[in-house]
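# Descriptive structure summary
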Amino acid sequence: MTAKRTPIWQSIAIALTEDITEGRYSPGDKLPTEAELSARFGVNRHTVRHAIKSMSENGLVHARRGAGVFVAQVPTDYAIGRRVRFHRNVEQAGRLPGKEVLHLETRAADTQEAEALNLAKGAQVHVYDGLSLADAQPIAVFRSVFPAERFPDMTAQLAELRSVTAALKANNVPDYTRAWTRLTAKRASATQALHLRLTEGDPILRSVGVNVDADQTPIEFGTTWFAGDRVTLTLTD
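Fair warning: this is a prediction, and the values are worked out from it, not measured in the lab.

## Observations concerning the packing of helix α2 (residues 34–41) against helix α3 (residues 45–57)
Axis separation between α2 and α3 bottoms out at 9 Å; the angle between their running directions is 105°. Taken together, the axes of α2 and α3 lie roughly perpendicular to each other. Two secondary-structure elements touch here, α2 through Glu34, Ala35, Leu37 and Ser38 and α3 through Arg45, Val48, Arg49 and Ile52. A per-class count over the contact of α2 with α3 returns 4 nonpolar, 1 polar and 3 charged.

Next comes the structure, spelled out in structure tokens:
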């Protein structure tokens, strides 16, 4: 009796799965191209595609249009409630938090910013554009806007501390809470895709909200764009 042979595409899927489980490819890493995998296994691209399709159906990898095939990541649980603290949220998910400062400036508030912060038209604000990381992987691009008159040294403090919570504490705001939040599904722009290592048009989730101090005075107007496949947002009281 002839033993049943394992299909070649299945053998390739098993080999690539072992590469992932043994750490040769980490979550978020891009797999070799179809041409490179075809050369490695000595097969045509159709066979490679069959193997990748099987792995995708099992949730091990996912394709990004025009970018390639990537190892799936376990989404980071991220709570959005009255107290939103990035470092605490990421640490509670068992990951290492990180921040990159992309841009800091002081300028006149636009109409939406002035309204959200209860400022007069043309009032000065500090703007903090940054990148949020979990285990060195980008999970979100954000913009935080603060009233400049109340926090005159905020840009320097943010550049040094890279933490909104720490910078606010340095300005005698020991605690703050979320007044409101709006969540909207969006598509990544070219710039957002570049920062988040996505393809332009990939799904992202935008969070817009206002934080207030103990007296319910607005102190931060924030917008965050989360990579859709890397974060699970949880709404809490």
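## A short note on the pattern of salt bridges
Evaluated as defined, the whole model comprises 8 salt bridges. Two residues, Arg107 and Glu105, come together in a salt bridge whose shortest N-O distance is 3.4 Å. Taking the relative accessible area as the measure of exposure, Glu105 reaches 27% and is therefore partly exposed. Three or more residues are tied together by salt bridges with common partners; here these are Asp19, Glu22, Arg24 and Arg40.

## Observations concerning the sheet that holds strand β7 (residues 177–187)
Sheet architecture is open: 6 strands sit in the order β4-β5-β6-β9-β8-β7, paired in antiparallel fashion. Each edge of the sheet is formed by a strand with only one pairing partner; in this case those strands are β4 (97–108) and β7. Strand-to-strand twist of the sheet, defined as the mean angle between neighbouring strand axes without regard to direction, takes the value 15°. Across 11 bridges, the pairing between β4 and strand β5 (residues 124–134) is antiparallel.

## Section: the pairing of strand β8 (residues 203–212)
Burial runs high along β8: 7 of the 10 residues are buried. Where β7 meets β8, 10 bridges bridge the pair, whose relative direction is antiparallel. Counterpart to Arg187 in the pairing with β8 is Pro203. Pairing of β8 with strand β9 (residues 218–227), which is carried by 9 bridges, proceeds in the antiparallel orientation. Within β9, the position partnered with Leu205 by the bridge is Phe226.

## Brief notes about the nonpolar core
Counting 15 residues, the largest nonpolar core has Leu16, Ile20, Leu31, Ile52, Met55 and Val61 as its most contacted members. Listed by contribution, the elements that provide at least two residues to this core are α1 (8–21), α3 and β2 (68–71). Excluding anything up to four places from it in sequence, Val61 contacts Ile20, Leu31, Ile52, Met55, Ser56, Val69, Phe70, Val71 and Ala72. One finds Met154, Leu168, Tyr176 and Ile219 within the second-largest nonpolar core, a separate group that totals 12 residues.

## Thoughts on α3
Relative to the 18 Å expected for 13 residues at 1.5 Å per residue, α3 spans 18 Å between its end C-alpha atoms, a close match to the ideal helical length. Taken together, the buried positions of α3 are Thr47, Val48, Ala51, Ile52, Ser54 and Met55. Buried residues of α3 fall within an arc of 155° about the axis and therefore sit on the same side. Exposed residues on α3 whose side chains face more than 90 degrees from its buried face are His46, Lys53 and Glu57. Where α3 is buried, its residues touch α1, α2, β1 (61–64) and β2. Downstream of α3 by one or two residues, Gly59 has phi in the positive range, about 80°.

## A word on the side chain of Asn211
On the secondary structure map, Asn211 appears in strand β8. Among the residues examined, Asn211 registers a relative accessible area of 7% and is labelled buried. In this structure the side chain of Asn211 is engaged in a polar contact, spanning 2.9 Å, whose partner is the side chain of Glu220. Every residue in contact with Asn211, bar those within four places of it in the chain, is listed here: Tyr176, Thr177, Arg178, Ala179, Thr217, Pro218, Ile219 and Glu220.

## Brief notes about the packing of aromatic side chains
Evaluation of the coordinates by the stated rule reveals 1 aromatic pair. Consider the rings of Tyr128 and Phe142, whose centres lie 4.9 Å apart with planes at 85°: the pair is edge-to-face. Taken together, the residues span a long stretch of sequence, with Tyr128 in strand β5 and Phe142 in strand β6 (residues 137–147) at a distance of 14 residues. Each member of the pair, Tyr128 as well as Phe142, is classed as buried. The cationic tip of Lys99 hangs over the ring face of Phe142; the distance from NZ or CZ to the ring centre is 4.8 Å. The lysine or arginine in question, Arg182, covers the ring of Trp180, its NZ or CZ lying 4.2 Å from the ring centre.

Cut-off values and rules
Residues numbered from 1 in each chain as written. Predicted model: local features only at pLDDT ≥ 70, side-chain atom pairs only at ≥ 80, totals over all residues. Heavy atoms only, no water. Axes fitted to C-alpha atoms, helices over the stretch in contact; angles between N-to-C directions. Helix = DSSP H or I, 4+ residues; strand = E, 2+ residues; numbered from the N terminus. Parallel < 35°, antiparallel > 145°, perpendicular 65-115°, else oblique. Contact = heavy atoms within 4.5 Å. Nonpolar A, V, L, I, M, F, W, Y, C, P; charged D, E, K, R; others polar. Salt bridge = Lys/Arg side-chain N within 4 Å of Asp/Glu carboxyl O. Buried < 20%, exposed > 50% of the residue type's maximum accessible area, 1.4 Å probe, protein only. Pairing = 2+ DSSP bridges. Core = buried A, V, L, I, M, F, W, Y, C linked by side-chain atoms within 4.5 Å. Expected span 1.5 Å × (residues − 1). Arc of directions from axis to C-beta. Polar contact = N/O pair within 3.5 Å; in protein donor to acceptor, adjacent residues only side chain to side chain. Phe/Tyr/Trp six-rings, centres within 6.5 Å; stacked < 30°, edge-to-face > 60°. Lys NZ or Arg CZ within 6 Å of the ring centre and 35° of its normal.

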